[in-house]
Structure formats: structure tokens, C-alpha cells
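Here is how the chains run, residue by residue.
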Amino acid sequence: MKLDKQRVKNLKEYLGLTDAAKFCGFVIHIPENDEFIAKIVDNGFVKLIGYSCIPDYAIKYNRYDRAIKASIKCDKYKTVIGYLFDCGEQHFVGFDIIIF
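Given the structure is predicted, the values throughout are model-derived calculations rather than measurements.

Quick notes on the rules
Sequence order as written defines the numbering, with residues in each chain counted from 1. Totals for whole chains, interfaces and linings use all residues, but because this is a predicted model, local features are given only for residues with pLDDT of at least 70 and pairs of side-chain atoms are given and counted only at 80 or more. Excluding hydrogens and water, the side-chain figures rest on all heavy atoms present in the structure. Numbered from the N terminus, helices here are DSSP runs of H or I no shorter than four residues, and strands are runs of E no shorter than two. Throughout, radius of gyration means the C-alpha value; the globule benchmark is 2.2 Å times the number of residues raised to the power 0.38. Think of it in three bands: with a 1.4 Å probe and only protein chains considered, a residue is buried below 20% of the maximum accessible area for its type, exposed above 50%, and partly exposed in between. Any two residues whose heavy atoms approach within 4.5 Å are treated as being in contact. Computed with a 1.4 Å probe, the accessible areas rest on the Shrake-Rupley method; for each residue, only the protein chains presented here act as cover. When charges are counted, Lys and Arg are positive and Asp and Glu negative, with His and the chain ends excluded. The atoms used to mark charge sites are NZ of Lys, CZ of Arg, CG of Asp and CD of Glu. Aromatic contacts are taken between Phe, Tyr and Trp rings whose centres are within 6.5 Å, Trp giving its six-membered ring; a plane angle under 30 degrees counts as stacked, one over 60 as edge-to-face, and the others as tilted. Pairing between two strands is assigned when DSSP locates at least 2 bridges connecting them. Axes, fitted as lines to C-alpha atoms, cover a helix only where it is in contact. Angles between the N-to-C directions of the axes lie from 0 to 180 degrees.

**Q** So, the overall build of the protein chain: which residues are in play, and what are the values?
**A** What the protein chain contains, in helices and strands, is 2 helices and 5 strands. Seen in sequence order, the protein chain has helices and strands lined up from the N terminus as α-β-β-β-α-β-β. Compactness check: the protein chain gives a C-alpha radius of gyration of 14 Å against a globular reference of 13 Å for 100 residues, within 12% of the reference. Dimensions of the protein chain, computed from the C-alpha atoms along their principal axes, are close to 45 × 25 × 20 Å. A buried classification covers 32% of the 100 residues belonging to the protein chain. Across the protein chain, the fraction of contacts at a sequence separation of at least 24, relative to all contacts at a separation of at least 6, is 59%. Approximately 6,700 Å² of the protein chain is accessible, and the part contributed by carbon and sulfur atoms is 52%. Across the protein chain, the mean location of the 15 positive side-chain charges is 8 Å away from that of the 13 negative side-chain charges.

Spelled out as C-alpha cells, the structure:
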């Protein structure tokens, strides 16, 4: 599922974010370490997963289903898909389950 402009607007209103907040995409979070997936390389010979504690360096997916597919490759830890907003000076990461 890709978020269109109306769904992003509804999500901003639900979260209480300003109109200036920019939707960056879906990110993969590891709650156990409080880190984000920053890089995934899986070429059949080697699987390399890079981690970042800063959400700005996380891989940003524009579709939820692509984030799910990538999170399956990260089988070492349990993962959660979140949405990332750039609010100017800081980022907002949410993990609520919202019906659009």
C-alpha cells in the first residue's frame, strides 16, 4: 500500500503533526536494540544488514508491502514497520496500527 496525499494528510491530523511535516516513508525498526535497518545486501552468497540508531539513516520505503518484504530478510531480530515524518529540526517515527 502506498500512501497517497489524502492518506498522508489524514495521518498527520490523527497524529497532531503540522502541515509542514513531510512524510519520508516506511522504516524498519528493531525494538530490542532500538535501531533501524540502514542497509540490506542479500546476493545469495552473503547477507549483510547494517543498523543505525538514527532514523534519518534508515532505509525509507514508499510502499508498506516493500518494507514488509525487506523486514523478512532481517531474521536475526524481531522487526516492526513504522512511518517516518520529517518535522524540520527532528523526526517523528510512529508505530500505531491505523486503518486508512
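That was the structure; now back to the text.
**Q** Tell me about the packing of aromatic side chains, residues and numbers included.
**A** Both the distance between ring centres and the angle between the ring planes are used here to describe each pair of aromatic rings. Within the structure shown, the criterion is met by 5 aromatic pairs. On the basis of an interplanar angle of 75° and a centroid distance of 5.4 Å, the ring pair of Phe26 and Tyr64 is categorised as edge-to-face. Of this pair, Phe26 sits in strand β1 (residues 22–30) while Tyr64 sits in helix α2 (residues 64–73), and the two are 38 residues apart along the sequence. Here Phe26 falls in the buried class, since its relative accessible area comes to 4%. Chaining the aromatic ring pairs together yields one cluster made of Phe23, Phe26, Tyr64, Tyr83 and Phe85.

**Q** Run through the sheet that holds strand β2 (residues 35–42), naming residues and quoting values.
**A** Taking strand neighbours across the sheet as the criterion, the 5 strands line up as β3-β2-β1-β4-β5 in an open arrangement whose pairing is antiparallel. The open sheet is flanked by β3 (47–52) and β5 (91–94), the only strands paired with a single partner. Averaged over all pairs of adjacent strands, the angle between their axes in this sheet comes to 40°, without regard to strand direction. Pairing of β1 with β2 involves 2 bridges; the strand directions are antiparallel.

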